[in-house]
Number of protein chains: 2
Amino acid sequence: MVFLGVDPGFQFAGFGVAKQEGSKISLLDCGYLQMAPTKALPERVELFYDHFLALVIKYQINTLILETPFLGKNAQNFLKLGYLRGILYLIASQQKLQILEFSPTQVKLAITGYGGASKEQVARVIKQLFPKLPTPNKADVTDAIAVTLCGIWQARPRFNLR
Amino acid sequence: MVFLGVDPGFQFAGFGVAKQEGSKISLLDCGYLQMAPTKALPERVELFYDHFLALVIKYQINTLILETPFLGKNAQNFLKLGYLRGILYLIASQQKLQILEFSPTQVKLAITGYGGASKEQVARVIKQLFPKLPTPNKADVTDAIAVTLCGIWQARPRFNLR
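Thresholds applied
- Residues numbered from 1 in each chain as written.
- Chains lettered and ligands numbered in written order.
- Predicted model: local features only at pLDDT ≥ 70, side-chain atom pairs only at ≥ 80, totals over all residues.
- Least-squares fit on C-alpha atoms with pLDDT ≥ 70 in both.
- Contact = placed C-beta atoms within 7 Å.
- Pairing = 2+ DSSP bridges.
- Helix = DSSP H or I, 4+ residues; strand = E, 2+ residues; numbered from the N terminus.
- Axes fitted to C-alpha atoms, helices over the stretch in contact; angles between N-to-C directions.
- Buried ≥ 20, exposed ≤ 12 C-beta atoms within 10 Å, placed from the backbone.
- Core = buried A, V, L, I, M, F, W, Y, C linked by C-beta atoms within 7 Å.
- Nonpolar A, V, L, I, M, F, W, Y, C, P; charged D, E, K, R; others polar.

Undergrad: How would you explain the relation of the copies chain A and chain B if you had to name every residue and give the values?
TA: Of the two same-sequence chains, chain A is brought onto chain B (RMSD 0.0 Å, axial shift 0.0 Å) by a rotation of 180°. The relationship between the two copies is best expressed as a two-fold rotation axis. An overlap of 100% is found between the interface residues of chain A and their copies at the interface of chain B, pointing to a shared contact surface.

In structure tokens form, the structure reads like this:
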């Protein structure tokens, strides 16, 4: 099973790709897609589609993991986040991926044991789990890896005796 | 110039396709895409992509016209509307379409002469302009035609002496 966790954003879109074999989880790839704000919005949407479609094909991903967004102070940013989520849904349907979604609280709880953890706490745990992460570790990347791990742990059968 | 106006929605997505040649505007197609709520959301996103991509190719559309959405009572519906707008942006970028956007007030003003007009008033004007519209005329369809016309009228050079 190969999992892709994404923290979508128009400026930086973080991602983590992880593989589960038995009880072993390996991080195959992580990073972020950076899109210049000077490019028109439709062009950035297409770049986002091309980037993530290529990633799904390259790693033969079968599960997409996302965090449920909540409406913040800026409704137009929330709507634009919807553009990127729509693109990920399209890729998931075209490539027959399963989609798992978790709330930010579920992700923080799964990673740190505390649903109210800060981004820094989440980043610290991720760096402990994967000491070889390339630096600097952007929060967009550690967040995306956290979402990926949360998905893998939740998707794992509850009574895994191996 | 061939224009596509869309009123996106997960249950009914209205559209109008119109061609402008000199001062003549002809409505080439109109209707709506209906997607069963029983289908999973990613599958509906893909159906929406396939439908509108096919329409753009069939009519060799070069301008996409949309209405700017405003946050209503339901933030999750607003986010989902973003999914469909993201798909339209992707198609626009892939197929090199120009995008024009207007507020609901601008559309109503362009069609009825009054920015606070009701959906029924807009529908009445559209039916007067295009008496051969197939019936029943869903508001999703007349809305989409209104958006299309608003775009054509706004895109027209201001001093058209022909």
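What follows picks up the thread again.
Undergrad: Explain the sheet that holds strand E1 (residues 2-7) of chain A residue by residue, including any values.
TA: Residue and element names in this part refer to chain A. The sheet built from five strands is open, its strands ordered E3-E2-E1-E4-E5 with mixed pairing. The open sheet is flanked by strand E3 (24-34) and strand E5 (98-102), the only strands paired with a single partner. The average undirected angle you get between the axes of adjacent strands in this sheet is 20°. Note: E1 against strand E2 (residues 12-21), six bridges, orientation antiparallel. Each residue of the ladder has a partner; that of Val-6, found in E2, is Phe-15.

Undergrad: Requested: an account of the environment of Gln-98 of chain B, with residues and values cited.
TA: Residue and element names in this part refer to chain B. Note on placement: Gln-98 falls in strand E5 (residues 98-102). Spatially, the C-alpha atoms of Gln-98 and Phe-3 are 9.5 Å apart, while their sequence positions differ by 95 residues. For Gln-98, the residues in contact, after removing those within four places along its chain, are Asn-62 and Thr-63.

Undergrad: Can you lay out unusual backbone geometry for me, pointing to particular residues and giving the numbers?
TA: Residues and elements named next belong to chain A. Positioned with a positive phi, Gln-60 is a non-glycine residue whose angle comes to about 45°. We classify Gln-60 as exposed; it has 9 C-beta atoms within 10 Å. Residue Lys-96 is not a glycine yet carries a positive backbone phi of 55°. Here Lys-96 is to be found in the loop between helix H2 (75-94) and E5.

Undergrad: How would you explain the nonpolar core if you had to name every residue and give the values?
TA: Core analysis: the largest hydrophobic core is formed by 88 residues, its most contacted members being Ile-87 and Leu-88 of chain A together with Ile-87 and Leu-88 of chain B. Excluding residues that lie within four positions of it along the chain, Leu-88 of chain B makes contacts with Val-6, Pro-8, Phe-52, Leu-64 and Leu-66 of chain B.

Undergrad: Let's hear about the interface of chain A and chain B: which residues, and what values?
TA: Taken together, the 25 residues of chain A in the interface contact 25 residues of chain B. Elements represented by at least two residues in the side of chain A that touches chain B include exactly helix H1 (41-58) and H2 of chain A. In terms of residue count, H2 of chain A provides more of the side of chain A that touches chain B than any other element does, 16 residues in total. Looking at side-chain class alone, the side of chain A that touches chain B contains 17 nonpolar, four polar and four charged residues.

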